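Geometric and topological summary
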Amino acid sequence: MKRITVLGSTGSIGTQTLDVVSMHPDQFTVEALAGGSNIKLLAEQAHLYKPKKVSVGTRQLADEIRPLLPSGMELYWGNEGLVELAANTEADMVVTAVMGSVGLHSTLAAIEAGKQIGLANKETLVTAGHLVTARARAKGVPLLPIDSEHSAIFQCLNGERMKDVAHITLTASGGSFRDLTREQLREVTVEDALKHPNWSMGAKITIDSATMVNKGLEVIEAHWLFGLDYEQIHVLLHPESIIHSYVEFQDTSIVAQLGNPDMRVPIQYALTYPERMKSPAKPLSLAEVGRLHFKEMDYNRFPCLRLAFECGKMGGTAPTAFNAANEIAVARFLRGEISFLHIEAIIERVLERHVNVANPDLSAIEACDGETRSIAAGL
């Protein structure tokens with residue numbers, strides 16, 4: 001039995017992780033669950049999976065959920081709760097599925113405790129990739145990617161030598177507004193933005209998909225996960241999301257990973273690696289699909305992706321500033337304070353003011369994150 005802790009259990013990735021656990025009850029047990037504010041769902045999960053520890057976002061939420069939990073279950077809250085669940089359980093693996101840079105401390109704590117990491121929180125590597133990968137190497141802890149694109153690359157590289165890789169290509173659906181012009185984007189609403197054509201995801205990541213920030217974060221994450229130069233990382237529009245990503249080798253051979261859009265497949269692969277087990281996903285029929293379409297990335301149409309590449313190449317605190325500015329801008333858009341196009345405008349203006357710090361330690365990253373959020377909130 002593999003013992004699992006899920007940080008972000010009430011979100012899209014978290015609930016689908018628990019779907020995989022439920023399909024293989026003879027393979028997995030749940031040690032701990034951390035949710036945010038959805039205490040009704042978290043309480044249901046606690047009764048179903050019977051974890052030893054549960055954590056919520058705030059002390060007030062802890063007071064609200066306490067009477068809903070089975071007796072004897074340990075309850076925590078806040079960032080301290082995430083760290084407690086990440087490091088101080090008997091879990092073999094910690095799935096980091098919390099949204100945003102809040103996942104950094106808990107991921108580092110899990111690494112220090114020697115836990116396998118199922119990485120669905122890309123902001124952890126975006127903001128502090130040099131620190132996280134260095135600690136993972138030092139502790140001998142595998143970082144197993146859960147994002148469909150990084151899982152695809154991970155699978156394509158199995159048994160291969162990195163020196164033989166020419167480049168990798170991350171595919172992008174294009175998000176909710178892939179067929180709209182820049183002029184049409186001026187009038188889009190939050191409701192429009194949340195209608196992703198292919199994937200069922202949380203609100204923030206769905207908005208990030210529409211702005212292509214999500215793909216930019218994935219580019220930076222791929223740089224750290226696979227040790228590739230940014231010139232070796234390409235992005236291609238692929239509306240069907242059937243080819244999840246691919247690797248081209250020096251001899252021009254291409255190895256790709258294909259499948260229907262279903263996050264339970266990469267989640268399960270991370271949980272069972274190196275084994276493969278029966279999946280709840282629908283098998284892919286290429287005859288049924290019929291045609292696949294591809295298009296070169298237009299960096300004028302999607303300027304946030306261009307900014308992500310620039311920040312990644314700069315390194316230092318630039319990716320931290322990019323991520324923090326985006327988190328604040330997306331939150332403001334979801335609250336109806338700004339328009340869709342103002343998201344990219346805020347990111348660009350924040351980066352114009354940013355003074356980059358090379359090779360930052362954790363305190364410098366946190367300072368940059370806090371300062372950036374304050375600036376982005378005031379623009």
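Here is a short report on the structure shown in this document.

Basis of the calculations
Residues numbered from 1 in each chain as written. Predicted model: local features only at pLDDT ≥ 70, side-chain atom pairs only at ≥ 80, totals over all residues. Heavy atoms only, no water. Helix = DSSP H or I, 4+ residues; strand = E, 2+ residues; numbered from the N terminus. Rg over C-alpha atoms; globule rule 2.2 N^0.38 Å. Contact = heavy atoms within 4.5 Å. Areas by Shrake-Rupley, 256 points an atom, 1.4 Å probe, with all protein chains shown as cover. Lys, Arg positive; Asp, Glu negative; His and termini not counted. Charge placed at Lys NZ, Arg CZ, Asp CG, Glu CD. Axes fitted to C-alpha atoms, helices over the stretch in contact; angles between N-to-C directions. Parallel < 35°, antiparallel > 145°, perpendicular 65-115°, else oblique. Left-handed = near helix turned anticlockwise from the far one by under 90°. Nonpolar A, V, L, I, M, F, W, Y, C, P; charged D, E, K, R; others polar. Buried < 20%, exposed > 50% of the residue type's maximum accessible area, 1.4 Å probe, protein only. Pairing = 2+ DSSP bridges. Right-handed = clockwise from strand over helix to strand, strands pointing away. Salt bridge = Lys/Arg side-chain N within 4 Å of Asp/Glu carboxyl O.

Our next topic: the overall build of the protein chain. Helix and strand counts for the protein chain come out as 16 helices and twelve strands. The C-alpha radius of gyration of the protein chain comes to 20 Å, within 12% of the 21 Å expected for a compact globule of 379 residues. Principal-axis analysis of the C-alpha atoms gives the protein chain an extent of 55 × 50 × 40 Å. Counted over contacts in the protein chain with a minimum sequence separation of 6, partners at least 24 positions apart contribute 68%. A total accessible area of about 16200 Å² is found for the protein chain, and carbon and sulfur atoms account for 51% of it. Side-chain charges in the protein chain split into 35 positive and 45 negative, and the spacing between the mean points of these groups amounts to 2 Å.

Relative orientation of the contacting elements helix α15 (residues 340-353) and helix α16 (residues 362-378) amounts to 130 degrees, with a least axis distance of 10 Å. Our classification of the angle between α15 and α16 gives oblique. Two packed elements cross with a definite hand, and for α15 against α16 that hand is right-handed. Across from Ile346, Val350 and Arg353 in α15, the residues of α16 making contact are Thr372, Ile375 and Ala376. In terms of residue class, the contact of α15 with α16 is made up of four nonpolar, one polar and one charged.

Take α15 next. Residue pairs spaced three or four apart in an α-helix point in one direction, given the helix's 3.6 residues per turn. Among all positions of α15, only Phe340, Leu341, Ile343, Glu344, Ile346, Ile347, Val350 and Leu351 are buried. In this fold, the buried residues of α15 make contact with α9 (203-211), α10 (213-226), α13 (303-314), α14 (318-334) and α16.

This brings us to the pairing of strand β4 (residues 74-77). In terms of strand pairing, strand β3 (residues 53-56) meets β4 through four bridges, oriented parallel. Within β4, the position partnered with Val56 by the bridge is Trp77. Crossover handedness for the path β3 to helix α3 (residues 59-65) to β4: right-handed.

Right, let's talk about the pattern of salt bridges for a bit. Oppositely charged side chains are able to pair whenever their charged atoms sit close together. Scanning the entire structure with this criterion turns up 24 salt bridges. In this structure, the salt-bridge partner of Arg373 is Glu327, at a minimum N-O distance of 2.7 Å. Of the two residues, Arg373 sits in helix α16 while Glu327 sits in helix α14, which places them 46 residues apart along the sequence. Here the two residues Arg373 and Glu327 agree in accessibility, since each one is buried. Close ionic contact of Arg332 with Glu337 constitutes a salt bridge, the shortest N to O distance being 3.3 Å. Note on Glu337: relative accessible area 46%, which makes it partly exposed. Via salt bridges that share partners, Arg3, Glu90 and Asp92 belong to a single interconnected network.

With that settled, the discussion passes to the environment of Glu160. Mapped onto the secondary structure, Glu160 falls in the loop between α7 (148-156) and β8 (165-172). Between the C-alpha atom of Glu160 and that of Phe249, which follows or precedes it by 89 residues, the distance is 9.5 Å.

Turning our eyes to something else, we now look at the pairing of strand β6 (residues 116-119). Relative to β6, strand β5 (residues 93-96) runs parallel, the two being bridged by four bridges. Counterpart to Val95 in the pairing with β6 is Gly118. Taken together, β5, helix α5 (residues 103-112) and β6 form a β-α-β motif whose crossover is right-handed. Where β6 lies against strand β7 (residues 143-145), three bridges are found, and the strand directions are parallel. Bridge assignment links Ile117 to a residue of β7, and that residue is Leu143. Taken together, β6, helix α6 (residues 123-139) and β7 form a β-α-β motif whose crossover is right-handed.

A word on the sheet that holds β4. Hydrogen bonding along the main chain pairs the strands of a sheet, whether they run parallel or antiparallel. As summarised here, the arrangement of the seven strands in space is β4-β3-β2-β1-β5-β6-β7, forming an open sheet in which the pairing is parallel. Because the sheet does not close on itself, it has two edges, and the strands there are β4 and β7. Averaged over all pairs of adjacent strands, the angle between strand axes in this sheet comes to 25 degrees, irrespective of strand direction. Pairing analysis gives six bridges linking strand β1 (residues 2-7) to strand β2 (residues 28-34), with the strands arranged parallel. Bridge pairing links Val6 to Leu33 in β2. Sitting on the sheet, helix α2 (residues 39-49) is in contact with β2 and β3, with an inclination near 175 degrees to β3.

Coordinates in, geometry out; function isn't part of it.
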